[in-house]
Amino acid sequence: MDDNNARKLKIAIGSDHAGFYLKEELTKSLLDEGYDITDLGAHSVESVDYPDIAVAVAGAVSKGEFDRGILICGTGIGITIAANKIAGIRAGATSDVYSAIMSRKHNNANVIGMGARVVGGGLALEIAKAFLDTDFESGSRHERRVNKINALDK
Ligand code: RB5
């Protein structure tokens, strides 16, 4: 996807308390780079349950209110597991750029999860940009496989 199209995406971001500081840093970095990103909380380090944040962000993506979602908890694992329970969501827990690119090319991921106790701010920004800037390889064998994932929602 060229840079201008990636910056037209409507992106929702959310974290639990463990991911709060990384979410703040990543949101600012993405805004500075021209992405259209909306913070759906948490809004402090007060303890919250990561499934509630997953529902807020992934639920909004599922309803079509946002094109993509970024979720952050301590490991990126719990919040991604929760997101994948929502119909229409294909979420990958990712702590490297290659996986972020492939989550788009092969899996058409619409949500990504990261761990604030796993990745630093610089890497998180590169992962997020890879996730936002990469297109799905539609019309390929990957589309057939993603359609089979989508059928599991029913
Ligand atoms: C919170 O301590 C932690 O369990 C949570 O952020 C996440 O890592 C769960 O998967």
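Residues numbered from 1 in each chain as written. Predicted model: local features only at pLDDT ≥ 70, side-chain atom pairs only at ≥ 80, totals over all residues. Heavy atoms only, no water.

Let's talk about the site of the ligand
Around the ligand, a shell composed of Asp16, His17, Ala18, Tyr50, Cys73, Gly74, Thr75, Gly78 and Arg117 is seen. Backbone polar atom of threonine 75 to an oxygen atom of the ligand: 3.0 Å apart, as the coordinates give it. A distance of 3.5 Å separates an oxygen atom of the ligand from a polar side-chain atom of arginine 117. (Near = heavy atom within 4 Å. Polar contact = N/O pair within 3.5 Å; in protein donor to acceptor, adjacent residues only side chain to side chain.)

Quick word on helix H5 (residues 97-105)
Inspection of H5 places Ala100, Met102, Ser103 and Arg104 among the buried residues, and these make up the whole buried set. In this structure, the buried residues of H5 make contact with strand E3 (68-73), strand E5 (111-115) and helix H6 (121-133). The opening residue of H5, the one whose side-chain oxygen lies 3.2 Å from the backbone nitrogen of tyrosine 98, is aspartate 96. (Buried < 20%, exposed > 50% of the residue type's maximum accessible area, 1.4 Å probe, protein only. Helix = DSSP H or I, 4+ residues; strand = E, 2+ residues; numbered from the N terminus. Contact = heavy atoms within 4.5 Å.)

Here we look at the pairing of strand E2 (residues 36-39)
Inspection of the sheet shows strand E1 (residues 10-15) paired to E2 by four bridges, in the parallel sense. Counterpart to isoleucine 11 in the pairing with E2 is isoleucine 37. Chirality of the crossover, the property in question, places the unit of E1, helix H2 (residues 20-32) and E2 among those that are right-handed. (Pairing = 2+ DSSP bridges. Right-handed = clockwise from strand over helix to strand, strands pointing away.)

Here's the deal with helix H3 (residues 50-62)
Residues separated by three or four positions in an α-helix point in the same direction, a consequence of the helix having 3.6 residues per turn. Between its first and last C-alpha, H3 extends 17 Å over 13 residues, near the 18 Å set by a 1.5 Å rise per residue. Buried residues in H3 make contact with E1, E3, helix H4 (77-83) and E5. (Expected span 1.5 Å × (residues − 1).)

Here's the deal with the sheet that holds E2
Read across the open sheet, the five strands follow the order E2-E1-E3-E5-E4; overall the sheet is parallel. Two strands close off the open sheet at either side, each with one partner strand: E2 and strand E4 (91-93). Averaged over all pairs of adjacent strands, the angle between strand axes in this sheet comes to 20 degrees, irrespective of strand direction. Sheet analysis places E4 next to E5, joined by three bridges and oriented parallel. Bridging across to E5, glycine 92 finds its partner in isoleucine 112. (Axes fitted to C-alpha atoms, helices over the stretch in contact; angles between N-to-C directions.)

What to know about the side chain of aspartate 16
With respect to the helices and strands, aspartate 16 occurs in the loop between E1 and H2. Among buried Asp, Glu, Lys and Arg side chains, aspartate 16 stands out as unpaired, with arginine 117 the closest opposite charge at 6.7 Å. A distance of 3.1 Å separates a polar atom in the side chain of aspartate 16 from the backbone nitrogen of glycine 19. Beyond its immediate stretch of four places on either side in the chain, aspartate 16 contacts Val48, Tyr50, Ile53, Ile72, Cys73, Gly74 and Ile79. (Lys, Arg positive; Asp, Glu negative; His and termini not counted. Salt bridge = Lys/Arg side-chain N within 4 Å of Asp/Glu carboxyl O.)

Let's talk about the nonpolar core
Membership of the largest hydrophobic core comes to 23 residues, with the highest contact counts inside it found for Ile11, Leu26, Leu30, Ile70, Met114, Phe131 and Leu132. Those elements that place two or more of their residues in this core are E1, H2, E3, E5 and H6. Per element, the largest residue contribution to this core is seven residues, and it comes from H6. Those residues in contact with leucine 30, other than ones at most four positions away along the chain, are Tyr35, Ile37, Ile70, Leu125, Ala128, Lys129 and Leu132. Core analysis: the second largest hydrophobic core is formed by 17 residues, Ile53, Ala58, Ile86 and Ile89 among them. (Core = buried A, V, L, I, M, F, W, Y, C linked by side-chain atoms within 4.5 Å.)

The values reported here are purely geometric and, on their own, carry no functional implication.
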